[in-house]
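Okay, here's what each chain looks like letter by letter:
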Amino acid sequence: MSQRKIVTTCTRDCPNSCGLIATVEDGRLVKLSGDPDHPLTGGVACHKTAKYIKRVYSAERITHPLRKVDGQWQRATWDEVLDLVADKLKSVVAESGPEAVLYYQGYGERTALKLLNKYFFNLLGGATTMRGSLCGGAGQGAQNLDFGERVSHDPLDHFNSESMILWARNPVSTNISLVKIVKDIKKRGGRVVVVDPARSLSVNIATHHVRPKPGRDGCLAMAAAKLILEAGAEDRDFLENRAEGWAEYKAILDSLSVPELCSLAGVPVTDAELLADTLMNQFPTSILLGWGLHRHEYAHYAIRPIDALGGIAGILGVPGGGVSQGFEEYGPYDQAYWGDHLHPDHRTLLIPKVGEEILNARAPEIRMIVVTAGNPVCMAPNADKIVRAFKKAEMVVYSGHFLDDTAELADVFWPATTFLEEDDLMASYGHNFVGPVNPAIEPVGETKSEFRMFQELASRFPFAVQYQRPVDDWLKAICTPLWQQGTDLESMRKGPFRLEAPMVPYVDGVFPTESGRFRFMTEFDPAVLQDEDPEYPYKLLTIAPHGYICSERTLAEHDALPEVVLNTSEARKRGVADGGHVVVRSPHGRLMALLKVDEAMRSDVLITERGGWNKAGHGVNFLTRDIPSVVGQGTPFYETRVTVEPCPKDRVVGSTVLVVQHSDESPGGNFTKELARQGCILTTVMPAQGDPLPDTPGGFDRLVVLGGPQHASDDGKTPHFPALMRLMRDFDAAGKPVAGICLGCQLLARAHGAETWTMPALEFGYVPLSLTEAGRADPVLGQAGPVPPLMEFHEDSFDLPEGAELLVTGAACANQCFRIGKASYGFQFHLELDSIGAEAWFDEFERGDIDTYAKYRTQFSGEFFAEMRSRFPLLVPQSGDFCRNVARNWLKL
Ligand SMILES: Nc1nc2c(c(=O)[nH]1)N[C@H]1C(S)=C(S)[C@@H](COP(=O)(O)OP(=O)(O)OC[C@H]3O[C@@H](n4cnc5c(=O)[nH]c(N)nc54)[C@H](O)[C@@H]3O)O[C@H]1N2
Ligand SMILES: Nc1nc2c(c(=O)[nH]1)N[C@H]1C(S)=C(S)[C@@H](COP(=O)(O)OP(=O)(O)OC[C@H]3O[C@@H](n4cnc5c(=O)[nH]c(N)nc54)[C@H](O)[C@@H]3O)O[C@H]1N2
Ligand code: SF4
Ligand SMILES: [Mo]
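Reading guide: rules and limits
For every chain, the first residue of the written sequence is number 1, and numbering continues from 1 onward in sequence order. All chains are assigned letters beginning at A, and all ligands numbers beginning at 1, according to the order in which they are written. Only residues with pLDDT of at least 70 get local features here, since the model is predicted, and only at 80 or more are side-chain atom pairs given and counted; chain-wide, interface and lining totals rely on the full set of residues. To obtain the side-chain values, all non-hydrogen atoms of the structure were used and water was disregarded. Helix and strand definitions here come from DSSP, where helices need a minimum of 4 consecutive H or I residues and strands a minimum of 2 consecutive E residues; each element is numbered from the N-terminal end. Atoms considered for the radius of gyration are the C-alpha atoms alone. The globule rule reads 2.2 Å times the number of residues to the power 0.38. Here the term buried applies to any residue with accessible area under 20% of the maximum for its type, exposed to any over 50%, and partly exposed to those in between, with areas from a 1.4 Å probe on protein chains only. The contact rule is simple, with two residues in contact once any of their heavy atoms fall within 4.5 Å. To measure how exposed things are, a 1.4 Å probe is used in the Shrake-Rupley method; for residues, cover is taken only from the protein chains shown. His is not counted, nor are the chain ends, whereas Lys and Arg count as positive and Asp and Glu as negative. For the purpose of locating charges, the reference atoms are NZ of Lys, CZ of Arg, CG of Asp and CD of Glu. Any carboxyl oxygen of Asp or Glu within 4 Å of a side-chain nitrogen of Lys or Arg constitutes a salt bridge here. Nine residue types can take part in a nonpolar core, namely buried Ala, Val, Leu, Ile, Met, Phe, Trp, Tyr and Cys, and a core is a set of them joined through side-chain atoms within 4.5 Å. For the purposes of these results, a polar contact is taken to be a pair of N or O atoms within 3.5 Å, where, inside protein, one atom must be able to donate a hydrogen and its partner to accept one; residues adjacent in sequence count only when each atom of the pair is a side-chain atom. Near, as used in this document, describes a residue that has one of its heavy atoms within 4 Å of the molecule or strand being considered. Residue classes follow a fixed rule: Ala, Val, Leu, Ile, Met, Phe, Trp, Tyr, Cys and Pro count as nonpolar, while Asp, Glu, Lys and Arg count as charged, and any other residue, Gly among them, counts as polar. Note that domain bounds follow an automatic or database assignment of domains. Between the rings of Phe, Tyr and Trp (Trp by its six-membered ring), a pair exists once the centres lie within 6.5 Å; its type follows the angle of the planes, with under 30 degrees stacked, over 60 edge-to-face, and the other angles tilted. Sitting over a ring, as applied to charges here, requires NZ of Lys or CZ of Arg to be within 6 Å of the ring centre and within 35 degrees of the ring normal. Axis definition: a line fitted to C-alpha atoms, limited for helices to the stretch in contact. Angles are taken between N-to-C directions and run from 0 to 180 degrees. The labels follow the angle: roughly parallel below 35 degrees, roughly antiparallel above 145, roughly perpendicular from 65 to 115, and oblique for the rest. A pair of strands counts as paired when DSSP detects no fewer than two bridges linking them. The residues that make up patches have over 30% relative accessible area and no salt bridge, and they are joined within 9 Å when like-charged or within 5 Å when they are Val, Leu, Ile, Met, Phe, Trp or Tyr.

A.B. asks: Would you take a moment to explain the overall build of the protein chain for this structure?
C.D. replies: Helix and strand content of the protein chain: 29 helices and 37 strands. Expected size for 893 residues packed as a compact globule is a radius of gyration near 29 Å; at 30 Å, the protein chain falls within 12% of this value. Projected onto its principal axes, the C-alpha coordinates of the protein chain cover approximately 95 × 65 × 55 Å. Per-residue burial over the protein chain gives 63% buried out of 893 residues. Contacts in the protein chain between residues at least 24 apart in sequence constitute 77% of all its contacts with a sequence separation of at least 6. Entry remark: accessible area of the protein chain is about 31,400 Å², with carbon and sulfur atoms responsible for 50%. Side chains of the protein chain carry 89 positive and 116 negative charges; the gap between the two charge centres is 2 Å.

A.B. asks: What am I meant to see in the pattern of salt bridges here?
C.D. replies: When charged atoms on two side chains of opposite charge get close, those side chains can pair. Under the counting rule described, the total for this entry stands at 54 salt bridges. One salt bridge in this structure joins Glu 532 and Lys 213, with 3.2 Å as the shortest N-O distance. Remark: Lys 213 occurs in the loop between strand 10 (208-210) and helix 8 (217-230) and Glu 532 occurs in the loop between strand 21 (518-519) and strand 22 (538-543); sequence separation between them is 319 residues. The salt bridge involving Asp 254 is made with Lys 250; its shortest N-O contact spans 3.1 Å.

A.B. asks: Honestly, the nonpolar core in this entry has me stumped. Any pointers?
C.D. replies: Proteins that are soluble and globular tend to have nonpolar side chains buried together. With 61 residues, the main nonpolar core has Trp 167, Leu 220, Tyr 249, Ile 287, Ile 312, Phe 520 and Phe 524 as its most contacted residues. When residues no more than four places from it in sequence are discounted, the contact partners of Leu 220 are Trp 167, Val 195, Val 210, Pro 212, Ala 265, Val 267, Asp 271, Ala 272 and Leu 275. The next biggest cluster of nonpolar side chains, apart from the first, holds 52 residues, and it includes Ala 76, Leu 116, Ala 427 and Phe 461.

A.B. asks: When you look at the side chain of Lys 118 in this model, what are you seeing that I'm missing?
C.D. replies: Topologically, Lys 118 is positioned in helix 4 (residues 115-123). A polar contact of 2.8 Å, which involves the side chain of Lys 118, links it to the side chain of Asp 340. Excluding its chain neighbours within four sequence positions, the residues that come into contact with Lys 118 are Tyr 103, Thr 129, Trp 338 and Asp 340.

A.B. asks: Looking at this structure, how should I read the site of ligand 2?
C.D. replies: Around ligand 2 lies a shell of 33 residues, among which Tyr 107, Met 379, Ser 399, Glu 450 and Ser 551 are the nearest. For ligand 2, an oxygen atom lies 3.1 Å from a polar atom in the side chain of Lys 114. Within the contact set of ligand 2, an oxygen atom lies 2.8 Å away from a backbone nitrogen or oxygen of Asn 375. In the complex, 98% of the free accessible area of ligand 2, which totals 920 Å², lies under the protein chains. Of all elements in the fold, only helix 15 (376-379) and strand 16 (395-400) reach the threshold of two or more residues within the shell around ligand 2. Broken down by element, the residue count for the shell around ligand 2 peaks at 3 residues, all from strand 16. Here the shell around ligand 2 is built from residues that sort into 12 nonpolar, 11 polar and 10 charged. Per-domain counts for the shell around ligand 2 show at least three residues from each of domain 1 (66-135 + 335-426 + 443-483) and domain 3 (526-646).

A.B. asks: What should I look at first to understand the packing of aromatic side chains in this one?
C.D. replies: By convention here, two paired aromatic rings are described through the distance between centres and the angle between planes. This structure, assessed with the given rule, holds 56 aromatic pairs. Pairing Tyr 766 with Phe 842 gives two aromatic rings, centres 6.4 Å apart and planes at 15°, and the pair type is stacked. Of this pair, Tyr 766 sits in strand 32 (residues 756-767) while Phe 842 sits in helix 28 (residues 835-847), placing them 76 residues apart in sequence. Residue Phe 842 is classed as buried on the basis of its relative accessible area of 0%. Grouping aromatic residues by their ring pairs yields a cluster made of Phe 764, Tyr 766, Phe 793, Trp 841, Phe 842, Phe 845, Tyr 853, Tyr 856, Phe 860, Phe 864, Phe 865 and Phe 872. Lying across the ring of Phe 461, Lys 90 places its NZ or CZ 5.0 Å from the centre. The aromatic ring of Trp 474 is capped on one face by Arg 469, whose charged end is 4.4 Å from the ring centroid.

A.B. asks: When you look at the side chain of Ser 586 in this model, what are you seeing that I'm missing?
C.D. replies: Mapped onto the elements of the fold, Ser 586 is located in the loop between strand 24 (581-585) and strand 25 (590-598). At 2.9 Å, the side chain of Ser 586 and the backbone nitrogen of His 588 are in polar contact. A distance of 2.7 Å separates the side chain of Ser 586 from the backbone oxygen of Leu 623, its partner in a polar contact. Setting aside chain neighbours within four positions, we find Ser 586 in contact with Tyr 536, Leu 623, Thr 640, Arg 641 and Val 642.

A.B. asks: Help me understand the site of ligand 1 in this model?
C.D. replies: By nearness alone, 35 residues border ligand 1, and Thr 174, Asp 196, Asp 217, Trp 291 and Tyr 548 come closest of all. In the environment of ligand 1, a nitrogen atom lies 2.9 Å from a nitrogen or oxygen atom belonging to the backbone of Ser 173. The separation between an oxygen atom of ligand 1 and a polar main-chain atom of Ala 544 is 3.0 Å. If ligand 1 stood free it would expose 900 Å²; the protein chains cover 99% of that surface.

A.B. asks: Which parts of the structure should I look at to understand the packing of helix 10 (residues 246-254) against helix 13 (residues 300-313)?
C.D. replies: Interhelical geometry of helix 10 versus helix 13 gives an angle of 110° and a closest axis separation of 13 Å. The angle between helix 10 and helix 13 places the two elements in the roughly perpendicular class. Here helix 10 contributes Trp 246, Tyr 249 and Leu 253 to the contact with helix 13, which in turn contributes Pro 305, Ala 308 and Ile 312. Class assignment of the residues belonging to the contact of helix 10 with helix 13 gives a composition of 6 nonpolar, no polar and no charged.

A.B. asks: Would you take a moment to explain the pairing of strand 6 (residues 101-105) for this structure?
C.D. replies: Counting buried positions along strand 6 yields 5 of 5 residues, so the element is predominantly enclosed. Because side chains alternate across strand 6, one face comprises the buried residues Val 101, Tyr 103 and Gln 105, and the other comprises Leu 102 and Tyr 104, equally buried. Bridge analysis of strand 6 against strand 15 (residues 368-372) gives 5 bridges, and the strand direction is parallel. Bridging across to strand 15, Val 101 finds its partner in Met 368.

A.B. asks: In this structure, what is going on with unusual backbone geometry? I would like to understand it.
C.D. replies: When glycine is set aside, most residues are seen to have a negative phi, and most peptide bonds are trans. Here Phe 283 and Pro 284 are connected by a cis peptide whose omega angle stands at -5°. Tracing the sequence through the fold places Pro 284 in the loop between helix 12 (269-281) and strand 12 (285-289). Across the junction of Ala 363 and Pro 364, the peptide omega takes the value 0°, indicating a cis bond. A positive phi angle, close to 45°, is found at Ala 363, a residue other than glycine. Position of Ala 363 among the secondary structure elements: in the loop between helix 14 (354-360) and strand 15. We note that Cys 742 has phi near 55°; this positive angle belongs to a residue other than glycine. Mapped onto the elements of the fold, Cys 742 is located in the loop between strand 31 (738-741) and helix 26 (743-751).

A.B. asks: How should I be thinking about helix 24 (residues 669-677) in this particular structure?
C.D. replies: Along an α-helix, residues three or four positions apart point the same way, because every turn accommodates 3.6 residues. When you tally the buried positions in helix 24, you get 9 out of 9 residues, the bulk of the element. Along helix 24, the positions that sit buried rather than exposed are Gly 669, Asn 670, Phe 671, Thr 672, Lys 673, Glu 674, Leu 675, Ala 676 and Arg 677. Just downstream of helix 24, Gly 679 is the residue with a positive phi angle, here 115°.

A.B. asks: I tried to follow the sheet that holds strand 15 on my own but got confused; where do I start?
C.D. replies: Backbone hydrogen bonds are what pair the strands of a sheet, in a parallel or an antiparallel way. The strand order 5-4-17-16-15-6 describes an open sheet built from 6 strands, whose pairing is mixed. The sheet terminates laterally at strand 5 (72-75) and strand 6, the two strands that pair on one side only. In this sheet, neighbouring strand axes are inclined to one another by 20° on average, regardless of whether the strands run parallel or antiparallel. Sheet topology places strand 15 next to strand 16; 5 bridges connect them, and they run parallel. Looking across to strand 16, one finds that Met 368 is bridged to Met 395. Along the sheet, helix 29 (residues 862-891) makes contact with strand 4 (66-69) and strand 5, crossing strand 5 at roughly 170°.

A.B. asks: When you look at a negative patch on the surface in this model, what are you seeing that I'm missing?
C.D. replies: A grouping of Asp 559, Glu 563, Asp 578 and Glu 609 is seen on the molecular surface, where their side chains present a negatively charged patch. Mapped onto the fold, Asp 578 is located in the loop between helix 23 (568-574) and strand 24.

Below you can see the structure in the form of structure tokens.
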């Protein structure tokens, strides 16, 4: 066995940009851990990254190019998809000009070489690109107004802080290297105050939690500032000599009383007192602004008063102080390599309104869209408009890892490498270190880095000579500013380099504004913050999930339904109950969800997580509003007002399904998840592990019997079978639909009088199957779309019971799916298998770890496993789509 350890940097959309060590055994990535030598992130890596190995090797990952033919994905070669895209680019540019092409760069990976993507589109003649931000635009814009240029304290400087205010920031989930700093401050007796309307996980490590009304933080900051002034503890020198606009700001403060401000902020006066006391008596305080604060229309009315509070409290330009927010992830590079100087006037569209902007683009219209490292159909606001905009384009090209919502609307899929398969450099939006991105493993399957994709695409254009250069040449050119700071490419590849950047910005009291002074906000109109709407009483906060970064997840990892959290007495008012199905409705769309109530929650917000896929029923951005922030062209996702209603019960929503599971390794997968997603309430019993079976179908509307390693005929070893078969008959007799999968299918046959028997060989793997004539006419199978190859894993088969209709048949084993009685269906194949199940079964069976079937292992060669796995990118999603269609049709019975 060969083992290697590679120093690299996490490039995910995360302010931590951790230094990592990747451990590779025999060419396979086996471990990702924090690099202990990284000066800031030292040895830490989050749980999301340990999990990232699964993502690299996921059965859902697209590892070869795809193109859509007649609405269906088909495998293609790189030459085919590059030619296809090059030809279309050429014809669109020739017919309509380069601006008919939209290049959309997401936030998935922001490395040095990514500059070249846009350069390609500038060489093409200046395609349409995006302006503004889905992320930190509003806050950056606001801080630039105050400071001239936003510069944050080096995170290592926070070790000098006596106290900390985490203002709309949740480091436990989003920025773990701050956690050790928080702990250090607390150990020294300092306060750590989380200011957040929601109870984020960071509240658990804080000493205090202040819960303002969303978007009203400015009022809280003003109240605290007034208390500092009342105490005579303001930084007089700052106000008189280092700031401008103080008189105007003072007038704003004078126009409202502390109680008035606190009432606007939705907090008790004691909360403002806590902040003022912390700033005065635990000096210096570092204030860290999170991204939650940016996502409001008037975000500058929150952020500028917090900056001002910092000035008044005397923490600006002071070690251990500051109002810090973020860093420039593209800052350390020679930005000429974007190529924008080639077409300074090229058209840009406003990202907070991306759907509408594409739909409304004229002269020329957007005919072609190229998306890299982003999932705008899921992550940008007002998804309905974006879906329409993407459908309107003649060709959508998607470069990424998974068949997410944006990929779903594409015509061409370019499978991208992850950072573990790339050679690049990475700066951070959370600190001052640039780190190496060293390839740990060979690209999985046929994946390519975006760098290589665009290099090869460019070879099809006359500007290839300007564009095609080796990685090192490009890095040497793009990173010239780094070399000027005293490093070189060779040293960069060995470990992180600290940029020339202050530990403490503005330490000399000079700000990069025209006057050299801090600029106080000079106008404030609290009236614009009044946004009550009785029809939509709650502000929807769609915050960063703990377990995932944005939409980086697989389809299989989604819960059946999203969860929304509401204050307990509000829930009572709306007639919705804990754990119940609700509809969340905004002026833009609606979403089914499960309700969780929380006594401690503010009564004017509804909280859920962002990032779940639309196609998994988690599309929160179908609800959100698409407007730009007043300052900074940011996206005020949280200016979305919603109401919560009980989900109207119908034949499906609120109906009850009994699920009989026979093994931990055989869960209900896509099938039962789809039932739950449609609103069914599932009760799962495991009789083989001692759970009692109900005597009658009473109390249940449907029955699902799952697979397992038991033999269907073996009542001796599995004494619950006779009772279960009786139950299956009783459900059917009562007109209640039954579905049996694999073992459950065989039991259904037996329940209706047929025999089961062991076949001469095991049937294993995804197998081509076909509908019979009866299948084509069947309401469940006939309407589910073409039958894709489906997973088989069984040694037993069965005779068709009398009166059964065979619906699906296969070559090695004929009886694959039948209907019997009033509404009972047997599925021999594992239509329910999702990517997690596929990975587990292939790995375990290949290793010989599944005892029941170990004797069959030698019948399958290594090539068989490799070939199947190489086809997972199409097999797994097609099987999933088919299963969901079958489940939905079965629910119509
Ligand atoms: N685990 C995980 N980590 C991530 C990400 C992820 O999705 N998951 N995403 C990455 C990205 S893209 C980003 S931009 C960062 C974001 O990092 P953070 O800013 O730390 O996280 P958010 O959840 O966006 O926002 C932080 C908090 O702001 C609160 N908030 C919302 N509105 C207001 C308000 O008006 N006032 C106050 N005081 N608080 C408010 C929310 O309730 C939330 O708990 O994290 C990055 N890291
Ligand atoms: N409702 C709501 N919506 C939000 C937010 C919110 O708070 N609420 N937050 C917003 C924020 S802060 C952000 S930053 C945006 C994020 O918006 P997006 O960037 O559009 O969304 P991500 O889910 O981060 O998608 C990044 C994708 O890039 C892929 N990827 C990673 N590396 C590479 C690579 O090298 N090449 C290619 N081709 N692909 C790669 C990942 O697998 C992932 O699929 O979402 C915003 N959307
Ligand atoms: S904390 Fe962020 S940067 Fe660090 S390993 Fe996790 S995702 Fe990557
Ligand atoms: Mo973000």
